[in-house]
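Residues per chain are reported as follows:
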Amino acid sequence: MVPLVTGAEVTFWIAAPIAILGALGLVFARRAVYAALGMAVSMISLAVLYASMDAPFLAMIQVIVYTGAVMMMFLFVLMMVGVDTPDSVVETLKGQRFLAILAGIGAAALLVFAVGGAVVNPPVTTIEANAARGGNVEGLAELLFGRYVFVFELTSALLISGAVGAMLLAHHQRVTPKKRQREMAADRMAAYRTSGEHPGPLPNSGVYAHTNAIGAPALLPDGSVAEKSLSQTLILRGASLDAPALAKVTNETFAAIEAVADDDEDEE
């Protein structure tokens, strides 16, 4: 009789290759953002595997804590440091390449022992463990705060160290004192004396113009164009009002003003 394939086995053969592909993407991706995405895929696949093994609490923790909080911290660090920041190939710590090779060999040995133990020994499920301790949450709490309490506290210390390290990487030491409002006002007046740059706010677009569109530059009281009233982005995109149209608008505006003035004189 052919043994029936359970849903957990089908889930394993679907989620396990995806987790492996995500882990390979984490290792071999050249860009840090792609490596972080590969790590997120691997973590979500592990959460699916936990759920299929009747460990819903562990699956939710995997999604909320690791995929949600820890991955967001990684992405925030990438954004603060810079995605396009080139990686330095200079070894700042002596012997770090040798230590990395040793760590890789140790991780590979642990993986071989884990897979070998799963093949040789009979499969262990969470059904017996949950039944013995009254549930998945109770069993997990007994292991975390009992047998593995030291490892649990060490992991929390490592996470706190990682958060502090991220803040130190993002912090830039200020070499000059921060300018207050009085100093900034004095600098604006000094720039006005030397270069003639007006210390007040720039004119808004559409002021004294026939249209109040954002692409219409402001007109000064003498009818000239205020060049600083338009955004450079609009000028580069060609979305601003061109010079002939602006001259036409100016002439129409002053003609309308003169016509109103003439009408007022005739009425008087």
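Per an unreviewed UniProt entry, the recorded name for the protein is NADH-quinone oxidoreductase subunit J, and the organism is Propioniciclava soli. UniProt annotates the protein under Function (unreviewed entry) with the comment "NDH-1 shuttles electrons from NADH, via FMN and iron-sulfur (Fe-S) centers, to quinones in the respiratory chain. Couples the redox reaction to proton translocation (for every two electrons transferred, four hydrogen ions are translocated across the cytoplasmic membrane), and thus conserves the redox energy in a proton gradient." Under the Subcellular location (unreviewed entry) heading, UniProt states for the protein: "Cell membrane".

> Help me out: how do you make sense of the environment of Ala40 in this one?
Its location among the elements puts Ala40 in helix α2 (residues 32–52). For Ala40 and Val70, which are 30 residues apart along the polypeptide, the C-alpha to C-alpha distance reads 9.8 Å. If near-sequence neighbours (up to four positions away) are discounted, Ala40 is found in contact with Thr67 and Met71.

> Any chance you could explain the confidence of the model for the protein here in plain terms?
Segments scoring low in pLDDT should not have their predicted coordinates read at a detailed level. Here the protein averages 76 in pLDDT, and 72% of its residues register 70 or above. Helix α10 (residues 243–267) is the least confidently modelled element of the protein, averaging 62 in pLDDT, while helix α1 (residues 7–28) averages 87, the highest of any element.

> Just checking my understanding: could you explain the packing of aromatic side chains for this structure?
What describes a pair of aromatic rings is the distance from one ring centre to the other and the angle between the planes of the rings. Counted according to the given criterion, the structure contains two aromatic pairs. Considering the side-chain rings of Phe12 and Trp13, the 5.3 Å spacing of their centres and the 75° angle between planes classify their relative orientation as edge-to-face. When its relative accessible area of 63% is taken as the criterion, Trp13 is described as exposed. On the basis of an interplanar angle of 70° and a centroid distance of 5.3 Å, the ring pair of Phe145 and Phe152 is categorised as edge-to-face. Residue classification places Phe145 among the exposed residues on the basis of a relative accessible area of 54%.

> Whenever I open this one, the nonpolar core confuses me. Can you help?
In a soluble, globular protein the nonpolar side chains are often hidden away together inside. In terms of nonpolar packing, the biggest core is built from five residues, these being Ala36, Ala40, Met43, Met71 and Leu78. For this core, the leading source of residues is α2, giving three residues.

Each value, and the rule that gives it
Residues numbered from 1 in each chain as written. Predicted model: local features only at pLDDT ≥ 70, side-chain atom pairs only at ≥ 80, totals over all residues. Heavy atoms only, no water. UniProt positions renumbered as here; feature names shortened; annotations may be inferred. Helix = DSSP H or I, 4+ residues; strand = E, 2+ residues; numbered from the N terminus. Contact = heavy atoms within 4.5 Å. pLDDT = per-residue confidence, 0-100. Phe/Tyr/Trp six-rings, centres within 6.5 Å; stacked < 30°, edge-to-face > 60°. Buried < 20%, exposed > 50% of the residue type's maximum accessible area, 1.4 Å probe, protein only. Core = buried A, V, L, I, M, F, W, Y, C linked by side-chain atoms within 4.5 Å.

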